[in-house]
Amino acid sequence: MVPALLIPAILLSLARPVVAAGQRTQTQTSGQRPALDTDNLLVITVATSETEGFQRFIRTAKYFNYTVKVLGLGQEWKGGDVARTVGGGQKVRWLKSELEKHRDREDLVVMFVDSYDVIFAGPPVELLTKFLRFDHRVVFAAEGYLWPDQSLEDQYPTVDTGKQFLNSGGFIGYAATLNNIVQQWRFKDDDDDQLFYTQVYLKPTLREKYKMTLDHRSTIFQNLNGALDEVVLKFERGNSRVRNIAQDTLPVVIHGNGPTKLQLNYLGNYIPNAWTHDNGCGICEEDMLDLSQLQDEEYPHVTIGVFILKPTPFFLEFLQRLVIMDYPHDQLSLFIYNREVHHEKHIQQFWEEHGDDFYHVKVVGPEEDMTEGEARDMGLNHCRQDVDCDYYLSMDSDVALTHPQALRILIEHNRKVIAPIMSRHGKLWSNFWGAINAEGFYSRSEDYIDIVQLKRVGIWNVPYLSQVYLVKGDVLRAELRQRHVYTLGDQDPDMVFCKNVRSKGVFMFVSNMDDFGHLVATANYNTSHLHNDLWQIFTNPEDWRDKYIHENYSQIFEGDLVQQPCPDVYWFPVLSEEGCDHLVQELEHYGEWSGGRHQDARLNGGYENVPTVDIHMKQVGLEREWLKFLREYIAPVTEKLYPGYYTKAEAVMNFVVRYRPDEQPSLRPHHDSSTFTINIALNNKGADYEGGGCRFLRYNCTVDTPRKGWSLMHPGRLTHFHEGLPTTSGTRYIMVSFIDP
């Protein structure tokens, strides 16, 4: 007996029309059977393994309460490679055996459909209603391509509209009639099922005997191959549906036949009501795992493959996020591949400080001279060969996975392959593609922008992902058990990986249900400085802000953090500790401090009236970035503190001053050549120096306890004549800008 899985369902009833005494319904008049109950509808499909495509098919069947019988689960497939050539006869043999049980059921309607590449889009009531309207005993799906024997084209009846040729991926009919058809099968398992049904249909005597027709207008069956330009998503009254705009029909069964599997995956993100504008994602919480009740030692073991392929901004922050990841570290192993000599010192420091924090750490450096694909295969194999490795997280160094629970969340979504959606700041560039073209390269899907911009939130089946993704260890030891998953000639490793995953029928999902983080831009990253990240305010503004702006900066606008130690002199936090340190260290590394003389070739005219020992931002190539800082972080404060004044945040003089008792300890009273001035303390009084401060003579007011990272802001001309008080020991650094000169 053929193994079968019967899925119980609570079925809807198809209401029979009310008929007055002595009257007949239309079907009774034409000699057809009266309308059937959905209790008399059986869906039969074939599947030898429970792939994700099969699980999707079952989910959509359950959604509409179809009764489905599955033939062949656990059996060996002997029907040939139907994705590439003829075959599929084994399906007919199994169906022949199953329908023999129903040979006398004149009232039973049976629909046979494929399962791996099929989804339901409508309910049984609609299906039966549409079937009855055909007024035939058997209805086959139709398509625009003739397969597998093109020489049969002239034998097909002509059609005025719609698709002409039979497709055996879906058909519906009365059980007794279908049984009579399939009992004629006398062929091998790897012979072609579609050719068999085609030959029956093309014989006029059999076509008339069995009252067979084709669904030319996709009323029931929508085959996507050759019809992609006819199919659109339709959202209406909280429902999502596929519409054939060429025929103005709403198909009940959607079949991703031939090379249209990815388009079916796209439609499956929405159909049936998987996502709607009204209700959002309707399936995202299904089949989830719950890690919250586990003890640390019970958590799945994860190998994180880290790949450093190019000089990467904010790389130390990347490594630190591995350390603070909210996941039991005894259940984390690291495989680190570093191709960049520039980052060797960072990896070494990380190893020394945190190597013992993880279950196991393996580092492969530039000296191995491996290709990217070879390195990625090595990382994948590191998990594959470890029977205790439950998941493999591949992550490139340009991934800022800022959500500390990201790994937990991805595991709980319980997908074979899933990635967090990450994009670059202010860009549509992300780590996934919503569609690919026939050559396997990028193609923008209709929903890509909405997904990246979070206008549509959910979990999405996509054809390509990169940079960061989670793979179940079981998948590496089953579907992806081949040694080379990333390498194929000189092709891009990520594209090879995704192609291999797709070829095994494994779905790749991306989630934007949480704010997981973002991608760091690495193009044109200059590593010639001591602290290269200082120059990243344009390219990676989010990361620059997080690293270099004071943690309390936002409170300037939300609370009463700003202080006013002197009339029209304001004091507020702006730079972080690290921002101050890096600025000082960068300038000391540059080292070309002015001598504090009046003659100054850096200035127009070559003369400085009130000289200081300083280095200009222009000298170290940081002026453009500093002016951006003034526009982004100083201008908003100015407009809050000086209402009615709108600054252009222009500044010619931007410089760090160094005060030392034996060099230049103080600065005589003066006005600044600015509308207003900022003066940021770059180090700590009491720890790094003694003395110092600023005195405003007109008001006899002194600020002598500057705070590191805090800025003074005051008018530059006329009213705020001021002086720099003597530094008595140590070295004091301040950052000064004369704004709107």
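Residues numbered from 1 in each chain as written. Predicted model: local features only at pLDDT ≥ 70, side-chain atom pairs only at ≥ 80, totals over all residues. Heavy atoms only, no water.

Caption draft 1: Structural view of the overall build of the protein. The helix and strand tally for the protein stands at 19 helices and 41 strands. For the protein, the C-alpha radius of gyration of 35 Å lies well beyond 27 Å, the compact-globule estimate for 741 residues. The principal-axis extents of the C-alpha atoms in the protein amount to approximately 110 × 60 × 50 Å. Burial statistics for the protein: of 741 residues in total, 57% are counted as buried. For the protein, the distance from the average position of its 73 positive side-chain charges to the average position of its 101 negative side-chain charges is 7 Å. (Helix = DSSP H or I, 4+ residues; strand = E, 2+ residues; numbered from the N terminus. Rg over C-alpha atoms; globule rule 2.2 N^0.38 Å. Buried < 20%, exposed > 50% of the residue type's maximum accessible area, 1.4 Å probe, protein only. Lys, Arg positive; Asp, Glu negative; His and termini not counted. Charge placed at Lys NZ, Arg CZ, Asp CG, Glu CD.)

Caption draft 2: The state of the cysteines, seen in detail. One pass over the full model with this rule turns up 3 disulfides. Disulfide pairing is shown between Cys 281 and Cys 284; the S-S distance is 1.9 Å. Judged by the torsion about the S-S bond (95°), the Cys 281/Cys 284 disulfide is right-handed. In this structure Cys 281 comes out as partly exposed when scored by relative accessible area, which is 24%. Overall, the relative accessible area of 3% leaves Cys 284 in the buried class. The disulfide partner of Cys 566 is Cys 701, and the S-S distance across this bridge is 1.9 Å. Residues Cys 566 and Cys 701 share a disulfide whose torsion about the S-S bond is about -85°; that sign makes it left-handed. Taken as a pair, Cys 566 in strand 29 (residues 563-566) and Cys 701 in strand 37 (residues 701-703) lie far apart in primary sequence, 135 residues in all. Judged by relative accessible area, Cys 701 falls into the buried class, the value being 13%. Of note for the protein: the bonded cysteines, numbered N- to C-terminal, pair according to 1-2, 3-4, 5-6. Just so you know, Cys 498 is unpaired, no disulfide at all, and the nearest cysteine sulfur is the one on Cys 383, 17 Å from it. (Disulfide = S-S within 2.5 Å.)

Caption draft 3: A look at the packing of helix 9 (residues 315-323) against helix 10 (residues 344-354). Interaxial distance between helix 9 and helix 10 falls to 11 Å at its minimum, and their mutual angle equals 25°. What the angle tells us is that helix 9 and helix 10 run roughly parallel. In terms of crossing hand, the pair formed by helix 9 and helix 10 is right-handed. Contacts from Phe 315, Leu 316, Leu 319, Gln 320, Leu 322 and Val 323 of helix 9 reach helix 10 at His 346, Ile 347, Phe 350 and His 354. Class assignment for the residues of the contact of helix 9 with helix 10 results in 7 nonpolar, 3 polar and no charged. (Axes fitted to C-alpha atoms, helices over the stretch in contact; angles between N-to-C directions. Parallel < 35°, antiparallel > 145°, perpendicular 65-115°, else oblique. Left-handed = near helix turned anticlockwise from the far one by under 90°. Contact = heavy atoms within 4.5 Å. Nonpolar A, V, L, I, M, F, W, Y, C, P; charged D, E, K, R; others polar.)

Caption draft 4: View of the pattern of salt bridges. Here the structure, examined in full by the defined rule, presents 36 salt bridges. Measuring nitrogen to oxygen at the nearest pair gives 4.0 Å for the salt bridge that ties Glu 623 to Lys 618. If you follow the salt bridges from partner to partner, you end up with Lys 69, Glu 98 and Lys 101 in one network. (Salt bridge = Lys/Arg side-chain N within 4 Å of Asp/Glu carboxyl O.)

Caption draft 5: Quick look at the sheet that holds strand 34 (residues 676-681). Taken in spatial order, the 7 strands of this open sheet run 29-30-38-34-41-32-31, and their pairing is antiparallel. A single partner strand is all that each edge strand has here, and the edge strands are strand 29 and strand 31 (614-616). Pairwise comparison of adjacent strand axes, ignoring direction, gives a mean angle of 25° for this sheet. Here strand 32 (residues 651-659) pairs with strand 41 (residues 732-739) via 8 bridges, running antiparallel. Opposite Tyr 659, over in strand 41, you have Arg 732 as the bridge partner. Across the face of the sheet, helix 19 (residues 623-641) comes into contact with strand 30 (569-573), strand 32, strand 34, strand 38 (710-715) and strand 41 while running at roughly 95° to strand 32. (Pairing = 2+ DSSP bridges.)

Caption draft 6: The arrangement of the layout of surface pockets in detail. In this structure, the second largest pocket spans a volume of roughly 800 Å³. Along the walls of the second largest pocket sit 43 residues, with Leu 603, Glu 608, Met 653, Phe 655 and Phe 738 positioned nearest its centre. Those elements giving two or more residues to the lining of the second largest pocket turn out to be strand 31, strand 32, strand 33 (667-670), strand 34, strand 39 (722-724) and strand 41. Class assignment of the residues belonging to the lining of the second largest pocket gives a composition of 14 nonpolar, 19 polar and 10 charged. (1 Å grid on protein atoms, 1.4 Å probe; cavity = no way out; pocket = protein on both sides within 12 Å on 5 of 7 lines; lining within 4 Å. Points joined across faces, edges and corners; volume = space filled by probe spheres on them.)

Caption draft 7: Up close: helix 19. With 19 residues, helix 19 ought to run about 27 Å at 1.5 Å a step, and its terminal C-alpha atoms sit 25 Å apart, in line with that. At Ile 634, helix 19 shows its largest kink, close to 40°, and the proline Pro 636 lies no more than four residues downstream. (Expected span 1.5 Å × (residues − 1). Bend = angle between axes of the 7 residues up to and from the residue.)

Caption draft 8: Structural view of the packing of aromatic side chains. Counted under the stated rule, the structure contains 46 aromatic pairs. These aromatic residues form a ring-pair network of at least three members: Phe 112, Phe 140, Phe 171, Trp 185, Phe 187, Phe 196 and Tyr 197. Taking NZ or CZ as reference, Arg 207 lies 5.1 Å from the ring centre of Tyr 201, over its face. The lysine or arginine in question, Arg 707, covers the ring of Trp 571, its NZ or CZ lying 4.7 Å from the ring centre. (Phe/Tyr/Trp six-rings, centres within 6.5 Å; stacked < 30°, edge-to-face > 60°. Lys NZ or Arg CZ within 6 Å of the ring centre and 35° of its normal.)

Caption draft 9: Inspection of unusual backbone geometry at higher detail. Following Trp 147, the chain continues to Pro 148 via a peptide bond in cis, the omega torsion being 5°. Note on placement: Pro 148 falls in the loop between strand 6 (138-143) and strand 7 (165-174). Here the residue pair Ile 271 and Pro 272 is connected by a cis peptide bond, since its omega of -10° sits within 30 degrees of zero. By secondary structure assignment, the location of Pro 272 is in the loop between helix 8 (261-268) and strand 13 (275-276).

Caption draft 10: Geometry of the environment of Thr 45. Looking at where Thr 45 falls in the secondary structure, it is placed in strand 2 (residues 41-46). Under the relative-accessibility criterion, Thr 45 is labelled buried at 0%. Placed 12 residues apart in sequence, Thr 45 and Phe 57 show a C-alpha to C-alpha distance of 9.9 Å. Sequence-distant contacts of Thr 45, that is, excluding residues within four places in its chain, are made with Phe 57, Val 68, Lys 69, Val 70, Leu 71, Phe 112, Val 113, Asp 114 and Ser 115. At 3.4 Å, the side chain of Thr 45 forms a polar contact with the backbone nitrogen of Ser 115. (Polar contact = N/O pair within 3.5 Å; in protein donor to acceptor, adjacent residues only side chain to side chain.)

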